Amino acid sequence: MRLFLKLFFVVILFSVVKIEAAPPAGYGLLWSDEFDKPTIDTAVWTFDTGVGNPDGWGNAEAEYYTNGSNFTVENGVGVLWAKHESKGNKSYTSCRMKTKAKKEFKYGYFEAKIKTPKGRGLWPAFWTLGSDIDVATWPSCGEVELYEQRTGPQTYPDAKGVQYPGDNLFVQTCHYSSVYGQVSPVYNTNPTGYSNCLCDSFHLYAIEWDSTKITYYFDGKQSWQYTNINLASNKKSFHQPHFFIANIAVGGNYQGNNIDNTIFPQKMSIDYVRVYQKGIITQASPAEKKNISFSSLVVVNPEKAQLKLFDVTGRLVGDFSNRIHLLKNGDSASKSVPNGIAPGSYILHFYDGKNVSITQKMIVSR
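Residues numbered from 1 in each chain as written. Predicted model: local features only at pLDDT ≥ 70, side-chain atom pairs only at ≥ 80, totals over all residues. Heavy atoms only, no water.

Trainee: What should I look at first to understand the overall build of the protein in this one?
Mentor: What the protein contains, in helices and strands, is two helices and 26 strands. A total of 366 residues make up the protein; the buried ones form 57% of that total. Within the protein, counting contacts between residues at least 6 apart in sequence, those at least 24 apart form 73% of the total. Surface summary for the protein: the accessible area is close to 15300 Å², and the carbon and sulfur share equals 49%. (Helix = DSSP H or I, 4+ residues; strand = E, 2+ residues; numbered from the N terminus. Buried < 20%, exposed > 50% of the residue type's maximum accessible area, 1.4 Å probe, protein only. Contact = heavy atoms within 4.5 Å. Areas by Shrake-Rupley, 256 points an atom, 1.4 Å probe, with all protein chains shown as cover.)

Next comes the structure, spelled out in structure tokens:
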């Protein structure tokens, strides 16, 4: 989301598939925002307001970012809106929100489930920046694009030079400081598959980031990989915590300012943002907007079994181990869970008392 001194990009073309959360083996859920509260969680997100990009650079964009009025929650989905309306001497309003200084993570599997906007003139993205941006500035802080798009009839070439329209594809890049201080993203030359508009359904955009590389994914399949994160010129960029940013820019140097005013309002919908890390035991994927089934949580040794409930920050909200000690061998752990748990997202930890330990996401429906 910068004014590139030199621009390279990775084009990811796609086919329509049914998608599920796709963390690699060995990763457990550390944190998530499921957007299951009536409004945005201000303990997680901050709205940037004003003209251009508030982290200290400009891309000649045409929008004014509002302080929350361009964000809604709809049936457990966070929605960023771009509108054709005047504010702050701009002809458009939009939303830009970030987790800076609130939720920052170093390494892990980061995944967002997103349904994109469409139409000529938009520049939506879901991305990260290094936590030291205020000191190191960009691009030395590091930037990782899980998803970035210039919507509408603008075209990208694939590896054979064939042009595809912007609504049907997106880019994934990483930016860092080269020895000359210039932008040096890596690009993919082997896109595969091609079908409908990204806006037709939700898709998974993800990275797996460790101390040696950043691997990018689309709908659970690897799309490309960047392996030079330990170069002297960008070593610090990708070995520090990063925070998330979601936004819809209107116009700008990357998109162009030939904006179709008939497309508004447009929205980018985010079903969830999840961070998985190694070392957290997970034997089941997060439940998708529904109550969890306890059928597989069978108690083997009630005297030693445990059942605990945590909020997504790791705070213990319920220890039902004493109740589970009253069960019989072979009972379901569900018998020890009281009624009346408040709706929301939780992390459930179960130990069967012998050799099975399960940590997984639990969503209590309204």
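The rest of the description comes next.
Trainee: Any chance you could explain the side chain of histidine 242 here in plain terms?
Mentor: Tracing the sequence through the fold places histidine 242 in strand E21 (residues 242-250). Of the polar contacts made by the side chain of histidine 242, one reaches the backbone oxygen of serine 237; its length is 2.9 Å. (Polar contact = N/O pair within 3.5 Å; in protein donor to acceptor, adjacent residues only side chain to side chain.)

Trainee: Sorry, what's going on with the pattern of salt bridges here?
Mentor: Charged atoms that come close allow side chains of opposite charge to pair. Taken as a whole, this structure holds 11 salt bridges when the rule is applied. We note a salt bridge from arginine 274 to glutamate 34, for which the minimum N-O separation is 2.9 Å. Of the two residues, arginine 274 sits in strand E22 (residues 266-278) while glutamate 34 sits in the loop between strand E2 (27-33) and strand E3 (46-47), which places them 240 residues apart along the sequence. Notably, a salt bridge pairs lysine 37 with aspartate 41, separated by 3.2 Å at the nearest N-O pair. (Salt bridge = Lys/Arg side-chain N within 4 Å of Asp/Glu carboxyl O.)

Trainee: What is the right way to read the pairing of strand E18 (residues 203-209) from this model?
Mentor: It is a general feature of regular strands that their side chains alternate between the two faces of the sheet. Buried residues dominate E18, accounting for seven of its seven residues. Neither face of E18 is exposed, since His203, Tyr205, Ile207 and Trp209 on one face and Leu204, Ala206 and Glu208 on the opposite face are all buried. Summarising the sheet, strand E11 (residues 108-115) and E18 pair through seven bridges and their orientation is antiparallel. Bridge pairing in E18 links lysine 113 to leucine 204. Of the pairings in the sheet, the one linking E18 to strand E19 (residues 214-218) comprises five bridges and is antiparallel in character. When the sheet's bridge partners are listed, tyrosine 205 is paired in E19 with phenylalanine 218. Between the antiparallel neighbours E18 and E19 lie four residues. (Pairing = 2+ DSSP bridges.)

Trainee: I would appreciate a short explanation of the packing of aromatic side chains in the present structure.
Mentor: The geometry of an aromatic ring pair is captured by the separation of the ring centres together with the interplanar angle, meaning the angle of the planes. Within the structure shown, the criterion is met by 25 aromatic pairs. Taking the centre distance of 6.2 Å and the plane angle of 50° together, the rings of phenylalanine 35 and phenylalanine 71 count as tilted. Taken together, the residues span a long stretch of sequence, with phenylalanine 35 in the loop between E2 and E3 and phenylalanine 71 in strand E6 (residues 71-73) at a distance of 36 residues. Considered together, phenylalanine 35 and phenylalanine 71 belong to a single accessibility category, that of buried residues. Between tryptophan 123 and tyrosine 254, the aromatic rings sit 5.2 Å apart at their centres with planes inclined by 55°, giving tilted as the arrangement. (Phe/Tyr/Trp six-rings, centres within 6.5 Å; stacked < 30°, edge-to-face > 60°.)

Trainee: Teacher, can you tell me more about the environment of tryptophan 123 here?
Mentor: Within the secondary structure, tryptophan 123 sits in strand E12 (residues 122-130). For the pair tryptophan 123 and threonine 151, spaced 28 residues apart in sequence, the C-alpha to C-alpha distance is 6.5 Å. At 2.8 Å, the side chain of tryptophan 123 forms a polar contact with the side chain of glutamate 148.

Trainee: Can you help me understand the confidence of the model for the protein in this one?
Mentor: Close reading of the predicted structure is inappropriate where its pLDDT is low. Overall, the prediction assigns the protein a mean pLDDT of 79, with 76% of residues at 70 or greater. Per-element confidence in the protein ranges from a low mean pLDDT of 38 for strand E1 (residues 11-12) to a high of 98 for strand E7 (residues 78-82). When the criterion is pLDDT under 50, residues 179-194 qualifies, and its contacts beyond four places in sequence or with other chains add up to 51 contacts. Every residue in residues 282-292 is under pLDDT 50, and counting partners more than four places away or in other chains gives 38 contacts. (pLDDT = per-residue confidence, 0-100.)

Trainee: Hey, could you run me through the environment of serine 321 in this one?
Mentor: You can see serine 321 is positioned in helix H2 (residues 321-324). Among the residues examined, serine 321 registers a relative accessible area of 8% and is labelled buried. Not counting the four nearest positions on each side in its chain, serine 321 is found in contact with Ala305, Gln306, Leu307 and Lys308.

Trainee: Help me out: how do you make sense of the nonpolar core in this one?
Mentor: Across soluble globular proteins, nonpolar side chains show a tendency to be buried alongside one another. Counting 47 residues, the largest nonpolar core has Trp45, Leu80, Met97, Phe126, Phe238 and Phe244 as the members making the most contacts within it. In contact with phenylalanine 244, other than residues within four places in its own chain, are Trp31, Trp45, Met97, Lys98, Thr99, Phe105, Phe110, Phe126, Trp127, Thr128, Val273 and Val275. Of all hydrophobic cores here, the second largest spans 15 residues; its members include Phe320, Ala333, Val337 and Met362. (Core = buried A, V, L, I, M, F, W, Y, C linked by side-chain atoms within 4.5 Å.)

Trainee: Sorry, what's going on with the environment of isoleucine 229 here?
Mentor: Assignment of secondary structure puts isoleucine 229 in the loop between strand E20 (221-226) and E21. Residue isoleucine 229 is classed as buried on the basis of its relative accessible area of 0%. The spacing of isoleucine 229 and lysine 213 is 16 residues in sequence and 5.9 Å in space, taken between C-alpha atoms. For isoleucine 229, the contacting residues outside a window of four places in its chain are Trp209, Asp210, Ser211, Thr212, Lys213, Ile214, Asn234, Lys235, Phe238 and His239.

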